[in-house]
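Take a look at the letters that make up each chain.
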Amino acid sequence: MRPLQVAVGAILRDGRFFLQRRDPAARRFPGLWEFPGGKVEAPETPAEALLRELREELDWTPDAFEPLPVIRYTYPGLVVELNPFLCRGAARPDTTLAWGWFLVGEMRGLPMPEASRHLLPVLSRLV
């Protein structure tokens, strides 16, 4: 099974990370908290997809970003290759979804997609 390539931004500000809550009517992972991002479309690189998704979802562009280790996770019927990036920027992300700034410890208690949950140990080492 070919993995679905996904780029996500771990937006960091003052020791907290930005998460948004998926629409309860979403086809995949309804109502779960997630890092903003989305599918890498051909012929994009993960970094290009990240910038596009952040503009589309949050009307936001990071001042700086750097790749984090890729996370491969297998769901029933779906393999995801999560391409996370640590993002920083002064502007406030803008979304119509529920959102918040969370400490890594707080994120551990939130309902999240399992692939995203595997990013938390990496993030805890960054703050």
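Here the structure is a predicted model, which is why all the values come from computation and not from measurement.

Draft legend 1. Examining the nonpolar core more closely. Grouped together as the largest cluster of nonpolar side chains are 25 residues, with contacts concentrated most on F17, L19, F35, M107, M112 and L123. Where this core is concerned, the elements lending two or more residues are β1 (4-13), β2 (16-21), β6 (71-75), β7 (78-88), α2 (104-107) and α4 (120-124). Ignoring any residue separated from it by four or fewer positions in sequence, one finds F35 in contact with V8, G9, A10, F17, F18, L19, M107, M112, S116, L119, L120 and L123. Within the second largest apolar cluster, eleven residues are counted, among which are V40, L50, L58 and W60.

Draft legend 2. Just the pairing of β7, in detail. Buried residues dominate β7, accounting for ten of its eleven residues. With eight bridges joining them, β1 and β7 adopt parallel strand pairing. Looking at the pairing, A10 lines up with L86 of β7. Bridging between strand β5 (residues 64-67) and β7 involves four bridges; their strand directions are antiparallel. Residue pairing for β7: E66 is matched across the bridge by L86. Pairing of β6 with β7 involves five bridges; the strand directions are antiparallel.

Cut-off values and rules
- Residues numbered from 1 in each chain as written.
- Predicted model: local features only at pLDDT ≥ 70, side-chain atom pairs only at ≥ 80, totals over all residues.
- Heavy atoms only, no water.
- Core = buried A, V, L, I, M, F, W, Y, C linked by side-chain atoms within 4.5 Å.
- Buried < 20%, exposed > 50% of the residue type's maximum accessible area, 1.4 Å probe, protein only.
- Helix = DSSP H or I, 4+ residues; strand = E, 2+ residues; numbered from the N terminus.
- Contact = heavy atoms within 4.5 Å.
- Pairing = 2+ DSSP bridges.

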